[in-house]
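The chain contents come next:
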Amino acid sequence: MNEPIVVTGMGAVSPLGVGVTVNWERLLAGQSGIRANTRFETSGWKCAIAGLVPSIDEDGAGFDPEAVLAPRDLRRNDLFIQYALAAAHEALLQANWMPERPEEKRRTATLIATGVGGVPAITAAVETIRLEGARRLSPFVVPSFLPNLAAGQVSIRYGFNGPSSAPTTACAASAQAIGDAMRMIRLGEVDIALCGGAEACVDPVSIGGFTAAKALSFNFNDQPQQASRPFDRDHDGFVLAEGAAMLVIERLSHAERRGARPLAVLSGYGTTTDAHHVTAGWPDGREARRAMEMALSMADIEADALGYINAHATSTPVGDAAELAALTHLFGSASRSVPLGSTKSATGHMLGAAGAIEAIYSVLALQNQMLPPSLNIENPVTEAEDFDLLANGAREAQVEHVLSNAFGFGGVNAALVFSRFH
């Protein structure tokens, strides 16, 4: 079952807009989706910015919830589920996978991760109980926030009867969803999978909690688009963001039989656990490096074959330093010319959806032979000075293989390798 597994569809909802094409255009143009947080009143809050998905009223390429669900159903599904449905629809349309035969539906897996799930719905329910009593709760409140209900609602909509899963491994979740889907296909359990992640937790609990953990940026409230600055000496924390991203992956022979166009090959996956600390990885990045080595081994390539690395790089000093240490050990001083960037500089950190949106950007880099820029790298940290940082705009490049990293609280590390389809 070592036949190539290819990507045949992609869908994106991010702070840069709705749709893969607009995401890519704005990413290459160096635009940022980070702005003042208008989701709730932030007066007096230490962090007042976020990566918010624009609404259709704000942006012609923004999110229109009524294009996803009827008004009655919108109230029954938290925002992360709505984003998941939108991204899934785009990915399935591109892949041209809307099966009607029962055997095809049974051979379709749905794996949609989330780091936090429907925290806004939980917060609203608690407030309802406080102000009006428990009897005022909707019978739909629990299904609106359960982490697996993004996968559940998508599978219900399209009738997918194959395995359904919702990894909740924090910021590594959607990369693990993609890797888990790859394993299912390799083991012959399914022929095709919709996989990715969704997140929509820009709410007081999440902002307040991450602020208390000293994880968020707060020095750039007056200049939101400069706040996410991976590998830069002025980085002071990540920017909480929201959105969803989905990929359709399948065996090459399955894609060829039905006339689907491969976009790239998902060639490698590795995952490890630090077993070290709840929020910080090993300073030397030892287990993160091992996840990368496993992904490269599965792809059957050496590190110097990589043409681009989309780093996890959230813009936290501790996390960025650990990833740089891992990469330094992985490449050695002789091979550190590989272009290194972080698209979180444009989107912010989409938590459980981050790995999937960055996987999509990695596939697009292979397809277009273009490397997206990293914003706000003005004074690189010492550990990054020898790397080829993509700090001066998008760049044309010959790229055959891309590495995309995702690391999460609890010490979870995941690495994906995508390769160009010939």
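Residue numbers restart at each chain and count upward from 1, following the sequence in its written direction. The predicted origin of the model limits local features to residues at a pLDDT of at least 70 and limits the giving and counting of side-chain atom pairs to 80 or more, whereas totals for whole chains, interfaces and linings rest on all residues. Think of the side-chain values as coming from all heavy atoms in the structure, minus any hydrogens and water.

Basic side-chain nitrogens of Lys or Arg form a salt bridge, by our definition, when they fall within 4 Å of a carboxyl oxygen of Asp or Glu. Using the criterion set out here, one finds 21 salt bridges in the structure. Note that Glu-250 is salt-bridged to Arg-258, the shortest N-O span being 2.6 Å. Only protein chains enter the area calculation, which uses a 1.4 Å probe; residues under 20% of their type maximum are buried, those over 50% are exposed, and those in between are partly exposed. Note on Arg-258: relative accessible area 24%, which makes it partly exposed. Across the pair Arg-289 and Glu-293 runs a salt bridge whose closest N-O atoms are separated by 3.4 Å. With Arg-289 and Glu-293 both in helix H11 (residues 286-299), this residue pair falls four residues apart, about one helical turn. When its relative accessible area of 36% is taken as the criterion, Glu-293 is described as partly exposed. If you follow the salt bridges from partner to partner, you end up with Glu-3, Arg-107, Asp-191 and Arg-251 in one network. The way it works is that DSSP assigns letters per residue, a run of H or I at least four long becomes a helix, a run of E at least two long becomes a strand, and they are numbered from the N terminus.

Among the ten residues of strand E1 (residues 5-14), ten are classified as buried, and the element is accordingly described as predominantly covered. Between any two strands, pairing holds if DSSP finds at least two bridges. Two elements, E1 and strand E8 (residues 243-251), share eight bridges in a ladder whose sense is antiparallel. Across the sheet, Gly-9 pairs through a bridge with Val-248, a residue of E8. Across two bridges, E1 lies against strand E9 (residues 264-273) in antiparallel orientation. Considered in E9, the bridge of Val-6 is made with Val-265. One ladder, built from two bridges, connects E1 with strand E2 (residues 17-18); its direction is antiparallel. When the bridges of E2 are listed, Val-13 appears paired with Val-18.

Turning to the pairing of strand E7 (residues 192-199), a few remarks are in order. Among the eight residues that make up E7, eight are buried, leaving the element largely enclosed by the rest of the structure. Side chains Ile-192, Leu-194, Gly-196 and Ala-198 project from E7 onto one buried face, and the interleaved Ala-193, Cys-195, Gly-197 and Glu-199 project onto a second face that is buried too. Examined bridge by bridge, E7 and E8 share eight bridges and lie antiparallel to one another. Residue pairing for E8: Cys-195 is matched across the bridge by Leu-247.

This next bit is on the packing of aromatic side chains. Geometry of aromatic contacts follows a simple scheme: Phe, Tyr and Trp rings, the Trp one being its six-membered ring, pair when their centres are within 6.5 Å, and the pair is stacked under 30 degrees between planes, edge-to-face over 60, tilted otherwise. What the rule picks out here adds up to five aromatic pairs. Between Tyr-158 and Phe-160, the aromatic rings sit 5.7 Å apart at their centres with planes inclined by 20°, giving stacked as the arrangement. In this pair, the class of Tyr-158 matches that of Phe-160, namely buried. Centroid distance Phe-210 to Phe-238: 5.3 Å. Interplanar angle 75°. Geometry classified as edge-to-face. A residue pair is termed long-range when its members are at least 10 positions apart, and Phe-210 in helix H9 (residues 204-212) and Phe-238 in the loop between H9 and E8 qualify at 28 residues. On the basis of relative accessibility, which here comes to 15%, the residue Phe-210 falls in the buried class. Among the aromatic residues, ring-to-ring pairing joins Phe-210, Phe-238 and Phe-409 into one connected group. One residue, Lys-46, lies across the ring of Phe-218, its end atom 4.2 Å from the ring centre. Just above the ring of Trp-282 sits the side chain of Arg-286; from NZ or CZ to the centre is 3.7 Å. The rule for a charge over a ring is simple: NZ of Lys or CZ of Arg within 6 Å of the ring centre, and within 35 degrees of the ring normal.

In short, the description is geometric, and any link to function would need to be established separately.
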